[in-house]
Structure formats: C-alpha cells, structure tokens
Amino acid sequence: MSSKAFSKLQHPKPPLLLFSDYHTHPQGHRVQRFTQALLQPWADSARRMGLTDIAFTDHDRYHAGIDFDEIERLRQKNPDLRIRAGIELDNDPIHSAAGRNWIEKHWDKLDFVLGSIHFLDRADQMFDSVPDGGAQFEGKNVDAVYADYFRRVREIAATGLVDCLAHLDLIKIHGHRPSADIGGLVNDTLDFIRDRNVAIELSTAGWRKPVNEPYPSDRIVELAMEKGIPFTTASDAHSHAQLGDSFPRLAQRMASFGIPQVCTFEKHKRSQLRL
Ligand SMILES: [Zn+2]
Ligand SMILES: [Zn+2]
C-alpha cells in the first residue's frame with residue numbers, strides 16, 4: 001500500500017449526510033387526493049432513509065389533490081420531520097395557467113415552488129417522456145433546441161413564482177448533446193437565475209434516465225458555484241420507495257465539488273445549512 005493510500009485510510013474524509021429531498025410526487029402521475037394513507041408512507045420512507053426535511057412537489061396539473069389540512073395532520077403525526085408544502089410549476093401549455101393561478105391563490109400556505117420546463121413545441125407531449133419524447137429532437141438542430149429550452153427556463157424563473165429550478169439541464173435526457181460548449185449556452189441563464197435569487201436542485205433523477213448522469217452536469221454545477229447560486233438536493237421520486245434515491249452517490253458528488261451546504265425552504269424563506 002502506498003503511503004498516500006495509507007494516510008487516506010488514517011484520515012478518511014467524513015461522508016456528507018444529506019438530509020433533505022425537495023422534489024417528490026406523492027400523487028405520481030394522476031390526481032390522488034392527499035390522505036394520511038397516501039402521505040404517511042413518505043414520512044416512513046424519509047425516516048428510513050435518514051431524511052429529516054422533505055417537500056411534496058406534485059405537478060401543478062394535479063393541484064386539485066393537494067390538501068393543506070392533510071399535510072398539517074401529517075406534520076402533527078411526525079414531529080421529528082419537517083414536511084414542506086410545495087408544487088412543481090410546469091410550462092404545460094394546457095394546464096399551467098390554472099396551476100399558476102392556484103399557486104398565487106395559495107402562496108402563503110406553500111413553502112416551496114419548483115419551476116420546470118417539460119414542454120417544447122408540442123403541447124400534448126412532455127419532451128422528457130421516455131422514450132417517446134426523443135422523437136421531438138428528430139431533424140432539429142440540437143444547439144437551437146438547447147437555446148430554446150434555456151429561454152423557456154428564464155421565462156419560468158421570471159414569473160417570480162418559483163423558489164428553485166428543477167433538473168436544470170433536463171434537455172439532455174435522451175442523450176442529445178450540443179456542439180457548442182454547454183457553459184457558453186447556459187451562462188446567461190445562470191446569471192439570470194442568480195439575479196432573481198432562485199436556487200437550483202442537484203437531482204439524482206438523471207441517473208435513472210437514458211442520459212445516465214445527474215442534473216445538472218458538472219460544468220453547470222461549477223458555474224453555479226462560481227456565481228453563488230444555492231442548491232437543494234432532490235430525487236424527483238414518483239413513489240415513496242424512490243425517496244432519497246442515490247443520495248449516497250449524490251453526497252459523494254457534492255463532496256468532490258466541495259459543496260458543503262444545502263438550502264431548505266419554509267414559507268418561501270430560504271435557509272442555508274451546513275452538511
Ligand atoms: Zn419535472
Ligand atoms: Zn418532478
């Protein structure tokens with residue numbers, strides 16, 4: 001064993017322990033009215049995974065299922081957990097206008113709003129549906145698709161209704177890569193995000209997708225760090241069994257970047273906490 005390897009054994013870097021998951025879908029992909037039967041398994045799963053702070057962020061098209069009284073009941077039953085009332089605001093051309101209205105109406109009851117781009121030119125299909133959404137890239141100039149996507153990201157950040165942007169480079173989901181440098185493509189958008197005081201998430205969901213890498217990519221994380229943009233940690237779980245998915249791997253990634261803190265939200269007020 002080399003002396004270097006030996007000293008590593010003597011002084012192992014303590015692993016970061018992630019405690020918060022700010023992207024979860026208790027309703028999955030349909031309206032399911034919040035009940036204790038629906039929500040308690042998420043609290044149980046959080047405890048099992050060592051998480052103490054979770055946000056429910058169902059898609060805005062399912063806002064009819066969200067029940068703040070049920071969230072409050074869940075909090076009372078699980079006082080060891082912080083449970084945030086949230087929502088994922090999409091750019092769904094059919095449903096998100098109603099979603100925005102709902103968010104404005106319930107702003108004071110919500111802790112956290114995610115902003116997401118899932119739609120490009122087609123109103124009837126999320127480009128990130130796997131595998132069908134990949135067809136939306138056929139015959140297109142990938143650089144132009146990326147530019148259009150980041151324009152839409154700026155648009156949703158500009159609504160003033162989002163605390164954090166989800167899966168910032170979701171556009172790579174099917175593996176399409178721009179020929180231009182991603183840093184150059186995204187730099188203005190990151191400045192825009194910083195100026196709006198919006199956070200971005202470090203998401204493990206991309207590890208479960210064809211692209212097989214987390215959101216956002218290394219270069220974007222580096223740029224965001226330089227600009228002082230804060231991060232949440234997120235799994236985008238669509239089942240309680242996915243809560244905190246691949247968090248040990250994400251913790252390693254954050255340690256390698258030297259990201260020592262994570263942010264949380266209560267009634268849209270952001271706190272930075274050291275890991
Ligand atoms: Zn999403
Ligand atoms: Zn989501």
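Refer to the structure presented above.
Computed from a predicted model, the values in this text were never measured in an experiment.

A. View of the coordination of the zinc ion (ligand 2). Protein coordination of the zinc ion (ligand 2) is provided by H23 (NE2), H25 (NE2), E88 (OE) and D236 (OD), with donor distances spanning 2.0 to 2.4 Å. Considering all four donor atoms around the zinc ion (ligand 2), angles at the metal cover 79 to 163 degrees and the coordination shape is irregular. All donors of the zinc ion (ligand 2) come from a single chain, and their spacing in sequence reads H-x1-H-x62-E-x147-D. In this structure the zinc ion (ligand 1) is found 3.3 Å away from the zinc ion (ligand 2), and E88 serves as a bridging donor for the pair. Note that H23 is positioned in the loop between β1 (20-21) and α2 (36-49) and E88 in strand β3 (residues 82-89), a separation of 65 residues in sequence. Relative accessible area serves as the criterion here: at 0%, H23 is assigned to the buried category. E88 gets classed as buried once you look at its relative accessible area, which sits at 1%.

B. Representation of the packing of helix α5 (residues 142-157) against helix α6 (residues 182-195) in the model. For the pair α5 and α6, interaxial distance at closest approach is 10 Å and the crossing angle is 10 degrees. Taken together, the axis directions place α5 and α6 in an arrangement best described as roughly parallel. In contact with D143, Y146, F150, V153, R154 and A157 of α5, α6 contributes I182, L185, V186, T189 and F192. Residue composition of the contact of α5 with α6, grouped by class: eight nonpolar, one polar and two charged.

C. Highlighting the nonpolar core. Of all hydrophobic cores here, the largest spans 67 residues; its most connected members are F127, Y149, L165 and L190. Broken down by element, this core gets its largest block of residues, eight residues, from α5. Apart from the residues within four sequence positions on either side, Y149 is in contact with I117, L120, F127, H167, L168, D169, L170 and I171.

D. Highlighting the packing of aromatic side chains. On inspection of all chains with the given rule, the structure shows ten aromatic pairs. On the numbers, 6.5 Å between centres and 50 degrees between planes, the contact of Y22 with F265 is tilted. Of this pair, Y22 sits in the loop between β1 and α2 while F265 sits in strand β8 (residues 261-266), placing them 243 residues apart in sequence. Each member of the pair, Y22 as well as F265, carries the same accessibility label: buried. Relative to F265, the ring of F112 lies with its centre 5.0 Å away and its plane at 40 degrees, an arrangement referred to as tilted. On the criterion of sequence distance, the pair formed by F112 in strand β4 (residues 112-115) and F265 in strand β8 is long-range, its members being 153 residues apart. Assessed through its relative accessible area of 0%, F112 is described here as buried. A relative accessible area of 3% places F265 in the buried class. Over the face of the ring belonging to Y62 we find R61, whose NZ or CZ atom lies 5.6 Å from the ring centre.

E. Representation of the coordination of the zinc ion (ligand 1). Of the protein atoms, only E88 (OE), H118 (NE2) and H167 (NE2) coordinate the zinc ion (ligand 1), at distances of 2.1 to 2.2 Å. Taken in sequence order, the residues that donate to the zinc ion (ligand 1) follow the motif E-x29-H-x48-H.

F. Geometry of the state of the cysteines. This structure, assessed with the given rule, holds zero disulfides. The thiol sulfur of C164 is not disulfide-bonded, and the nearest other cysteine sulfur, from C263, lies at 6.4 Å. Classification of C164 as buried rests on a relative accessible area of 0%. Judged by relative accessible area, which is 0%, C263 ranks as buried.

Thresholds, definitions, all that
For every chain, the first residue of its written sequence is number 1, and the numbers climb from 1 along that sequence. Naming scheme: in the order in which they are written, chains are lettered from A and ligands are numbered from 1. Local features in this predicted model are restricted to residues of pLDDT 70 or higher, and side-chain atom pairs are both shown and tallied only at a pLDDT of 80 or more, whereas totals for entire chains, interfaces and linings draw on every residue. Each side-chain value is worked out from all heavy atoms of the structure, with water and hydrogens disregarded. Shown as donors are all N, O and S atoms within 2.8 Å of a metal ion, widened to 3.2 Å for Na, K and Ca; because water is not in the atom set, sites may appear incomplete. Only two sets of limits are used to name each site, 85 to 135 degrees for every angle of a tetrahedral four-donor site, and over 155 degrees for opposite donors with all other angles from 65 to 115 for a square planar four-donor or octahedral six-donor site, with any other site named irregular. In this text, helices come from DSSP runs of H or I with a minimum length of four residues, and strands from runs of E with a minimum of two, each type numbered from the N-terminal end. Partly exposed residues are those whose accessible area sits between 20% and 50% of the maximum for their type, while under 20% is buried and over 50% is exposed, using a 1.4 Å probe and protein chains only. Here an angle of 0 to 180 degrees is reported between the N-to-C directions of two axes, which are lines fitted to C-alpha atoms, with helices fitted over the stretch in contact. Should an angle fall under 35 degrees it is taken as roughly parallel, and over 145 as roughly antiparallel, whereas 65 to 115 is taken as roughly perpendicular and any remaining angle as oblique. Throughout, a residue-residue contact means that at least one pair of heavy atoms, one from each residue, lies within 4.5 Å. Amino acid classes used here: Ala, Val, Leu, Ile, Met, Phe, Trp, Tyr, Cys and Pro are nonpolar; Asp, Glu, Lys and Arg are charged; the rest, including Gly, are polar. Side-chain atoms within 4.5 Å link the members of a nonpolar core, which is a set of buried Ala, Val, Leu, Ile, Met, Phe, Trp, Tyr and Cys residues. The aromatic pairing rule takes the rings of Phe, Tyr and Trp, using the six-membered ring of Trp, and pairs them if the centres are within 6.5 Å, calling planes under 30 degrees apart stacked, those over 60 edge-to-face and the rest tilted. Note on criteria: charge over ring means Lys NZ or Arg CZ within 6 Å of the ring centre, with the direction from the centre no more than 35 degrees off the ring normal. By convention in this document, the label disulfide applies to cysteine sulfur atom pairs within 2.5 Å.

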